[in-house]
Amino acid sequence: MPEAITLVAVTKTFPARDVRLLTELGIRDVGENRDQEAAPKADDCADLGVRWHFVGQLQTNKVRSVAQYAWCVQSIDRVKLVHALSRATSRRADDHQPGLRCLAQVQLDDDYDARRGGARPAELRAVADAVAEAPGLELAGVMAVAPVDVDPRPRFEWLRSLADQVRVDHPQARWLSAGMTHDLEAAIEFGATHVRIGRALLGERPPLR
Ligand SMILES: *Cc1c(COP(=O)(O)O)cnc(C)c1O
């Protein structure tokens, strides 16, 4: 098991004042999945020193906005997105700042579903390689969302082996972001370094619009 596990509080659908409350409780890492919601929230919370993690499916036309506030982009699932994000962060690279942390996201479904995000397992290493080579970006590790309504343990075991393969070429990519409210114990059992928790901290969300 990793020495410490980072709790990323996922605040989607909840207002900026809840982010503020969470930081008063000691939370530093906050996750959001839609730029339209995250950008104004990050703006409202600019004084809090929050480390914003972007965890949702990311369209290339949003990368410029996300690059403004994200401390980590966890949902990198295709090479085209890597290139767009790298261009959007090139100014940061010129300033000799550390690159934007990125996680390569892999999908663990039985049948690949493009609507759910995440690279196909066979493409994960190519995505990770692209991040590692991209100016302005740093490959920090791997992320996945386990499919719903199945035993998460075999999925997280699979995820761990995929992450191990990525680390053969990229030993610095040590983060494993896995585990949400309903499967966090299983994720930790299989080596999660970051768990992304919404409902267990903030309560149920209204149904998706
Ligand atoms: C919403 C979300 C979470 C948090 O899910 P909970 O069930 O509320 O804990 C974690 N990861 C991603 C990618 C999400 O979209």
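Scroll up to find the structure this text is about.
Computed from a prediction, not measured in an experiment: that's the story for all the values here.

1. Looking at the layout of surface pockets
If you roll a probe as big as a water molecule over the atoms, it shows you where there is empty space left.
Okay, so step 1: Each pocket or cavity is described by its volume, and for the largest pocket that value is around 760 Å³.
Okay, so step 2: Along the walls of the largest pocket sit 29 residues, with K12, N33, V55, G56 and V145 positioned nearest its centre.
Okay, so step 3: Those elements that provide at least two residues to the lining of the largest pocket are α2 (35-44) and β8 (194-197).
Okay, so step 4: Broken down by class, the residue content of the lining of the largest pocket amounts to 10 nonpolar, 10 polar and nine charged.

2. What to know about empty space enclosed by the protein
Okay, so step 1: What the rule picks out here adds up to one cavity of 30 Å³ or more.
Okay, so step 2: By volume, the largest cavity is sized at about 30 Å³.
Okay, so step 3: Every residue along the wall of the largest cavity is listed here: Q105, V106, Q107, R116, G117 and V145.
Okay, so step 4: A per-class count over the lining of the largest cavity returns two nonpolar, three polar and one charged.

3. Observations concerning the side chain of D109
Okay, so step 1: Structurally, the position occupied by D109 is in the loop between β5 (100-105) and α6 (124-133).
Okay, so step 2: Given a relative accessible area of 14%, D109 falls into the buried group.
Okay, so step 3: Polar side-chain contacts of D109 include one of 2.9 Å to the side chain of R116.
Okay, so step 4: What D109 contacts, discounting residues up to four positions off in sequence, is R116, P147, R155 and W158.

4. A closer look at the pairing of strand β2 (residues 29-32)
Okay, so step 1: Burial along β2 is two-sided: D29 and G31 and V30 and E32, pointing in opposite directions, are all buried.
Okay, so step 2: As judged from the three bridges shared by strand β1 (residues 6-10) and β2, these two strands associate in the parallel manner. In the strand pairing of β2, V8 is matched with D29.
Okay, so step 3: This β-α-β element, β1 to helix α1 (residues 16-24) to β2, shows right-handed connectivity.
Okay, so step 4: Relative to strand β3 (residues 51-54), β2 runs parallel, the two being bridged by four bridges. Looking at the pairing, E32 lines up with F54 of β3.
Okay, so step 5: Handedness of the β-α-β unit built from β2, α2 and β3 comes out right-handed.

5. Considerations on the environment of Q105
Okay, so step 1: Of note, Q105 is situated in strand β5.
Okay, so step 2: The spacing of Q105 and I197 is 92 residues in sequence and 17 Å in space, taken between C-alpha atoms.

6. Concerning the site of the ligand
Okay, so step 1: Taken together, V10, K12, V55, V145, M180, T181, R196, I197, G198, R199 and R205 make up the full set of residues near the ligand.
Okay, so step 2: R205 places a side-chain nitrogen or oxygen 2.7 Å from an oxygen atom of the ligand.
Okay, so step 3: The protein chains hide 93% of the 390 Å² of surface that the ligand would expose on its own.
Okay, so step 4: For the ligand, the cavity whose grid points lie within 2 Å of the majority of its atoms is the largest pocket.

Conventions and cut-offs
- Residues numbered from 1 in each chain as written.
- Predicted model: local features only at pLDDT ≥ 70, side-chain atom pairs only at ≥ 80, totals over all residues.
- Heavy atoms only, no water.
- 1 Å grid on protein atoms, 1.4 Å probe; cavity = no way out; pocket = protein on both sides within 12 Å on 5 of 7 lines; lining within 4 Å.
- Points joined across faces, edges and corners; volume = space filled by probe spheres on them.
- Helix = DSSP H or I, 4+ residues; strand = E, 2+ residues; numbered from the N terminus.
- Nonpolar A, V, L, I, M, F, W, Y, C, P; charged D, E, K, R; others polar.
- Buried < 20%, exposed > 50% of the residue type's maximum accessible area, 1.4 Å probe, protein only.
- Polar contact = N/O pair within 3.5 Å; in protein donor to acceptor, adjacent residues only side chain to side chain.
- Contact = heavy atoms within 4.5 Å.
- Pairing = 2+ DSSP bridges.
- Right-handed = clockwise from strand over helix to strand, strands pointing away.
- Near = heavy atom within 4 Å.
- Areas by Shrake-Rupley, 256 points an atom, 1.4 Å probe, with all protein chains shown as cover.
- Sits in = over half its atoms within 2 Å of the grid points.

Interpretation in functional terms is not warranted from these geometric data alone.
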